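Each chain, letter by letter, is given below.
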Amino acid sequence: MNGTSLTTICLALLLSCACGAKPNGSKNKKPKQVVPAIECDVRAGKINLPEFIVKCPAHCKETKQQVYGTGVFASISSICNAAIHSGIITNMGGKVIVRKMAGQNIYKGSNSNGVRSLSLPKWRESFVVSVGKPKKGVIYPSTLDYVPSRPTYVKTTGQKEAKPPAATTVLPMTTTPEPTTTTTPEPTTTTPAPTTTTTTPPPPPTTTKARAAVHKVRDAGNSHPYLASVAAASSRKAQSGQGKGFSQVFRGVAYPNRYPQRASAGLRRPEAGSAIRRPPSSPVGPVPRSTDSDGNRRVPLDTTHTRVEPVDAWKPEVNPYESGFNVREQEPVPRAPEPVSQGDPNCKVDLAFLMDGSWSIGKRRFKIQKDFLSDVAQAINVGVAGPMMGIIQYGDDPVTELSLKSYSNSREVKLAVDKIVQKGGLSNVGKALTYINRQYFSDANGNRGGAPNVAVVLVDGWPTDKVEEASRLARESGINIFFVTIEGPDESEKANLVETNFVDKAVCRTNGFYSLPVNSWFALRKAVQPLVKRVCDTDRLLCSKTCLNANDIAFVIDGSSSVGTGNFRTVLQFVANVTQEFEISDTDTRVGAVQYTYEQRLEFGFGQYNNKGELLNAIKRINYWSGGTSTGAAITFAADQLFSKSKPNKRKIMIVITDGRSYDDVRVPALAVQSQGVIAYSIGIAWAAQDELEYIATDPDKEHSFFVDEFDNLYKFVPKIIQNICQEFNSQPRN
């Protein structure tokens, strides 16, 4: 009896162990995260997942794939370059977690980690990036669901292919009636057997013309995504507000009167309402479609959206575009990375042309000038996310023909250019440059702030007034000036010039990049591509107001006894390293320096050294003073001796360097100098007081206040200070 009981117990233990054991001996084995690799040009909006992990390759920074925004990016941004911009990965690549979020009303551009992001007024979807380390227990998809780059359209040849998208609806063909079953209203993905039908197809000519018009509409495309609010009311339930219904599309194409009897298609359906009996769950109008993350619509595979109506419900007089059969044709071409009406994002500039309207040009050459401007508008691809183009005509006085915000595509600009009438008068270029500097490039006229300001001056021969001073002021205000001179003066005519070498005096460099001479008016069109290439080369538009050449920078240097001679030399090397990064001249960045103890001493003022080499030598020659520490008085001294003489078009920056607590109050002087528009940075070393550093620095403190334990570590903050100065400059609109 005892032996039997023992045997029973052993068998029970063996069975329990066998049941508890996991197959293949994989006890508590966690699933391994597979990270799919992507290329540098993959945009977040092209992946149809709300959250996912990817692996970026190396050297994406060199590809210069576009990024829009800072911290939160538009979905048309490159994932990898957005991750580099955010500091999530380096240029050597790595893993990145991407999380989708709602669209933003504005995306601010900035420079970070060697990647320049652009500004964007609005986009329908955003995303953020984070370090590619999933949380415990979280497994991301091992494969990526990419949005199709182009939708599949149903063919009109009568062929019935077993394509999943084509199985969602039944379209009347142009040659033979579509064979459908009269007994089963379920959709099928294979070719249905022909059955007895009681319907006839619509008249072939009508169907053919309508489909041709559909392709015309698709080529025309809807306008940029910011105008998606004009979608038809009848399509709001079926769409996500990103596209347009057919009634709106037909009204916007170049042939609005081609089908006058269907002008209100989509707004009423009297015939279809009586001819087609739909169950309550059946959609009326376009079949509802899911919307992917980048606004592209895909027909869902769910059969609830793919109901096939009985054949005898069809009548020839019913408009197919009013009967819910326009599923494929209603979609715009989903090219989110390169929206047709958005313009070229690689040429995001605010571009103004100063066209010569003087009497000397004549009517024939004035027409050639207008043709040239039309060609340029076509070549640069005008759009809200790319270049915006305006025109000023000058004669005795300048007149705005087109503001920067007048038109948002090349076609509209060309039509407007064709209507410009010659003004007449003299060729007062200097007065026109003053006009664009003071009035034209403003927020009210469409200046976007994050885009470089470019002015191209077209001159027939030579100006009748001086241009040097007006050009200098315009450059200091942030305007990149190009001169296109047609049939310029020869040697015998130079004696008639009001200002000799006017082109060299007007542009900021004499290396030929900003000047384009054309020998004949009839050769002007040959200059279109060379000019477009230059104005779109934003990396070389460093001549006018940028973060590196539009500043008055004052260094306020602590010369107290606690610093010491050796450390003071280290401070001067830090000042020289920061200065080295800027373009130094009277029209570019200017640098001044104040040394202080209990007293203050002006080492050199703004504009005293307009050559970088001379300025760096002057910094090295500053002698150590030694004494107490009165930082507040030094700030007031810098405001009186330096910033009171700053030019109005310069950004005023103060960098205070100190190693200890001040004997006087710093709060009131700091507030006073900041109220004058000065951007203040504070650099604290060793015994510097943190509260005083924050009082001195402009808000936010973390972007303008820095602290190091030792003087030898000062050099580490040079890149950070330069980056912050540039980021702050690029993220704020001018004017």
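### Quick notes on the sheet that holds strand 1 (residues 51-56)
Pairing is antiparallel across the open sheet formed by five strands, whose spatial order is 1-4-7-3-2. Sheet topology places strand 1 and strand 2 (69-70) at the edges, where each strand pairs with a single neighbour. In this structure, strand 3 (residues 72-74) lies alongside strand 7 (residues 125-131), joined through two bridges in antiparallel fashion. Bridge pairing in strand 7 places F73 opposite F127.

### Section: the side chain of S119
Examined against the element boundaries, S119 turns out to sit in the loop between strand 6 (115-117) and strand 7. Only 3.0 Å separates the side chain of S119 from the backbone nitrogen of G109, close enough to count as a polar contact.

### Some thoughts on the pairing of strand 16 (residues 551-558)
Most of strand 16 is tucked away: eight of the eight residues are buried. A two-sided burial pattern is seen for strand 16, the buried positions comprising N551, I553, F555 and I557 on one face and D552, A554, V556 and D558 on the other. Both strand 16 and strand 19 (residues 651-658) contribute to a ladder of seven bridges, which runs parallel. Bridging across to strand 19, V556 finds its partner in V656. In terms of strand pairing, strand 16 meets strand 17 (residues 590-596) through seven bridges, oriented parallel. What sits directly across from V556, in strand 17, is V594.

### Notes on the state of the cysteines
Summed over all chains, the structure comprises three disulfides. Note that C56 is cross-linked by a disulfide to C80, the S-S spacing being 2.2 Å. Since a negative S-S torsion denotes a left-handed disulfide, the C56-C80 link at about -95° is left-handed. Of this pair, C56 sits in strand 1 while C80 sits in helix 2 (residues 79-86), and the two are 24 residues apart along the sequence. By the burial criterion, C56 is buried, and C80 matches it. The disulfide that involves C347 links it to C536, with 1.9 Å between the sulfurs. Sign of the S-S torsion, about -65° for the bond between C347 and C536, identifies this disulfide as left-handed.

Conventions and cut-offs
- Residues numbered from 1 in each chain as written.
- Predicted model: local features only at pLDDT ≥ 70, side-chain atom pairs only at ≥ 80, totals over all residues.
- Heavy atoms only, no water.
- Pairing = 2+ DSSP bridges.
- Helix = DSSP H or I, 4+ residues; strand = E, 2+ residues; numbered from the N terminus.
- Polar contact = N/O pair within 3.5 Å; in protein donor to acceptor, adjacent residues only side chain to side chain.
- Buried < 20%, exposed > 50% of the residue type's maximum accessible area, 1.4 Å probe, protein only.
- Disulfide = S-S within 2.5 Å.

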